[in-house]
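As a plain string of letters, each chain reads:
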Amino acid sequence: ILSYSDNSIAISDRIYGPLPQIQKTCYNNSKSKGVEYDFYMLSQMQHLPKAEKYLQDHKIEYTKRDIKTDNPTAGELALAEKQLPLKKFFNTSGLQYKALGLKDKLPQLNEEEQLQLLAADGMLVKRPLLLTDGNVLVSFKETEWAEKLL
């Protein structure tokens, strides 16, 4: 069970169940036909983020998930980790990351503990995040998104 408070992290009872399946949403694009995506962002944003506008402009279907209330699970992140190193998923600029002192603590945590930490608090996850079984896109870089999605 993972918990943190007062700038400390506790991970105990290392029981990790089977990895859940990623939520499915059909992708409607010729290059990626049949690919399924989850799109994580912070829904409080007043403006339409560039990444979401990009998906809409290119008529790409996705399931929008608020990273704060419907954050990625450890299973989803474990699948995504096959595409990118786990450290790429941490929002190193975020207030929560800094408040917990994760810059110094992360190297001491194993992969399972890092996955559980990310899954426990969506504000630790870099966004926007677009997930599928075959692609993982962290942060919006239009050229990278075009290369992988179109």
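Please refer to the structure higher up on the page.
So, how was this worked out
- Residues numbered from 1 in each chain as written.
- Predicted model: local features only at pLDDT ≥ 70, side-chain atom pairs only at ≥ 80, totals over all residues.
- Heavy atoms only, no water.
- Helix = DSSP H or I, 4+ residues; strand = E, 2+ residues; numbered from the N terminus.
- Buried < 20%, exposed > 50% of the residue type's maximum accessible area, 1.4 Å probe, protein only.
- Contact = heavy atoms within 4.5 Å.
- Areas by Shrake-Rupley, 256 points an atom, 1.4 Å probe, with all protein chains shown as cover.
- Pairing = 2+ DSSP bridges.
- Axes fitted to C-alpha atoms, helices over the stretch in contact; angles between N-to-C directions.
- Left-handed = near helix turned anticlockwise from the far one by under 90°.
- Phe/Tyr/Trp six-rings, centres within 6.5 Å; stacked < 30°, edge-to-face > 60°.
- Core = buried A, V, L, I, M, F, W, Y, C linked by side-chain atoms within 4.5 Å.

(A) Representation of the overall build of the chain within the structure. When helices and strands are tallied, the chain shows six helices and six strands. Starting at the N terminus, the α and β elements of the chain follow one another as β-β-β-α-β-α-α-α-α-β-β-α. Per-residue burial for the chain yields a buried fraction of 43% across its 150 residues. By sequence separation, contacts in the chain at least 24 residues apart represent 69% of the contacts at least 6 residues apart. For the chain, the computed accessible surface area is about 8,400 Å², with 50% contributed by carbon and sulfur atoms.

(B) Main features of the sheet that holds strand β4 (residues 63-66). One open sheet holds the four strands; their spatial order is β4-β3-β5-β6, and the pairing between them is mixed. The open sheet has two edge strands, β4 and β6 (136-138), and neither has a second partner. Within the sheet, the average angular offset between the axes of one strand and its neighbour, ignoring direction, is 15 degrees. The pairing of strand β3 (residues 38-41) with β4 spans four bridges and is parallel. The partner of M41 across the bridge, within β4, is D66. Here helix α1 (residues 50-57) sits on the sheet in contact with β3, β4 and β5 (129-131), set at roughly 150 degrees to β3.

(C) A look at the packing of α1 against helix α6 (residues 142-149). At their nearest, the axes of α1 and α6 sit 11 Å apart, and the two run at 35 degrees to each other. In the crossing of α1 with α6, the sense of the turn from one axis to the other is right-handed. Residues A51, Y54 and L55 of α1 touch α6, and the partners they reach there are E142, W145, A146 and L149.

(D) Highlighting unusual backbone geometry. The step from R127 to P128 runs through a cis peptide bond, and the omega angle for that step is -5 degrees. Even without glycine at this site, K59 takes up a positive phi of about 50 degrees. As for its placement among the helices and strands, K59 is situated in the loop between α1 and β4. Positive phi is not limited to glycine here, since S139 has a value of about 70 degrees.

(E) Broad picture of the packing of aromatic side chains. Applying the stated criterion across every chain yields a total of four aromatic pairs. Plain terms: the ring middles of F140 and W145 are 5.0 Å apart, the flat faces sit at 75 degrees to each other, and that makes the pair edge-to-face. Judged by relative accessible area, F140 falls into the partly exposed class, the value being 23%.

(F) Representation of the environment of F39. Inspection of the secondary structure assignment puts F39 in strand β3. A relative accessible area of 0% means that F39 is categorised as buried. Separated by 33 residues in the primary sequence, F39 and P72 have C-alpha atoms spaced 9.9 Å apart. Other than its neighbours up to four places away in sequence, F39 contacts A51, E52, L55, Y62, T63, K64, R65, P128, L129, L130 and W145.

(G) Examining the nonpolar core more closely. With 24 residues, the main nonpolar core has F89, L102, L118 and L129 as its most contacted residues. Those elements giving two or more residues to this core turn out to be α2 (74-80), α5 (111-120), β5 and β6. Those residues in contact with L118 that sit more than four places away from it in its chain are N71, L77, L86, F89, F90, L124 and V125. Grouped together as the second largest cluster of nonpolar side chains are 12 residues, Y37, I60, Y62 and W145 included.

Treat this as a map of the structure, not an account of what it does.
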